[in-house]
Amino acid sequence: MSFTWRYVVRPDGSFCRVGNVDGSLDNTSDEELARFNPARHIEEQPARPCSRCGGELVLHWNGPLVTRVWMELCPACDAHRPAARAFMQWHRDPDRDPAALPSLFEDWETETMRAHGWVRGQEPEVPDSPPAHPALVPRGQG
């Protein structure tokens, strides 16, 4: 079973990430996904300052499970990092392409986690399945 993320991008540039297991959500529109994960309005959330400089964040996000890393995208602190800079440029662009978000987000996540001492591991190779037992194959089809 593979597990990937599906990104829902709103017109204002905000987005949410929804789990996508084996393509089960691929036929679901972004509007339907947004109903599954109701968006909290930015105005309702208190502004979270950057933990490094106290400035305004472009994005704050929980790192991968069990890492306990809180990822922050700050224009002042992260301008020198290539993946963070590319993500900020995409976020500020009014004509941004939503299809670019998964790649930008993954690059930024990898870069941020590397700065915290974590390295992304290779995806494990899935072994071939053994052939079905003869008793499980219907008669006339084996």
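Keep in mind that what you see is a predicted model, and the values were worked out from it rather than measured.

Asker: Can you help me understand the overall build of the protein in this one?
Answerer: Within the protein, the regular secondary structure consists of three helices and four strands. When the elements of the protein are put in sequence order from the N terminus, they spell out β-β-α-β-β-α-α. Considering the protein as a whole, with its 142 residues, one finds that 30% of them fall into the buried category. About 10,500 Å² of surface is accessible on the protein, with carbon and sulfur atoms providing 54% of the total.

Asker: Is there a simple way to explain the pattern of salt bridges in this structure?
Answerer: Side-chain pairing between opposite charges can occur once the charged atoms of the two side chains come close. Summed over the entire model, instances satisfying the criterion amount to three salt bridges. A salt bridge links aspartate 78 to arginine 52; the nearest nitrogen and oxygen atoms lie 2.8 Å apart. One end of the pair, aspartate 78, is in the loop between β4 (70-73) and α2 (82-92); the other, arginine 52, is in the loop between α1 (30-36) and β3 (59-62), with 26 residues separating them in the sequence. Judged by its relative accessible area of 0%, aspartate 78 falls in the buried class.

Asker: Teacher, can you tell me more about the nonpolar core here?
Answerer: Among the nonpolar cores identified, the biggest contains 17 residues, and Phe15, Leu59, Phe87, Leu101, Phe105 and Trp108 are the most heavily contacted of them. Looking at this core, the elements that each hand over two or more residues are β1 (3-9), β3, β4, α2 and α3 (101-115). Of the residues forming this core, the biggest block, five residues, is contributed by α3.

Asker: Just to check I follow, could you spell out the packing of α2 against α3 for this structure?
Answerer: For any two helices packed against each other, the geometry comes down to the angle between their axes and how far apart the axes lie. Close contact between α2 and α3 brings their axes to 8 Å; oriented N to C, the two are set at 145 degrees. For the pair α2 and α3, the sense of crossing is left-handed. Mapping the contact onto sequence places Pro82, Ala83, Ala84, Ala86, Phe87 and Trp90 in α2 and Leu101, Leu104, Phe105, Asp107, Trp108 and Glu111 in α3.

Asker: Is there a simple way to think about the state of the cysteines in this case?
Answerer: The term disulfide refers to a covalent linkage connecting the sulfur atoms of a pair of cysteines. What the rule picks out here adds up to zero disulfides. Not part of a disulfide, cysteine 77 finds its nearest cysteine sulfur in cysteine 53, a span of 3.6 Å.

Cut-offs used in this document
- Residues numbered from 1 in each chain as written.
- Predicted model: local features only at pLDDT ≥ 70, side-chain atom pairs only at ≥ 80, totals over all residues.
- Heavy atoms only, no water.
- Helix = DSSP H or I, 4+ residues; strand = E, 2+ residues; numbered from the N terminus.
- Buried < 20%, exposed > 50% of the residue type's maximum accessible area, 1.4 Å probe, protein only.
- Areas by Shrake-Rupley, 256 points an atom, 1.4 Å probe, with all protein chains shown as cover.
- Salt bridge = Lys/Arg side-chain N within 4 Å of Asp/Glu carboxyl O.
- Core = buried A, V, L, I, M, F, W, Y, C linked by side-chain atoms within 4.5 Å.
- Axes fitted to C-alpha atoms, helices over the stretch in contact; angles between N-to-C directions.
- Left-handed = near helix turned anticlockwise from the far one by under 90°.
- Contact = heavy atoms within 4.5 Å.
- Disulfide = S-S within 2.5 Å.

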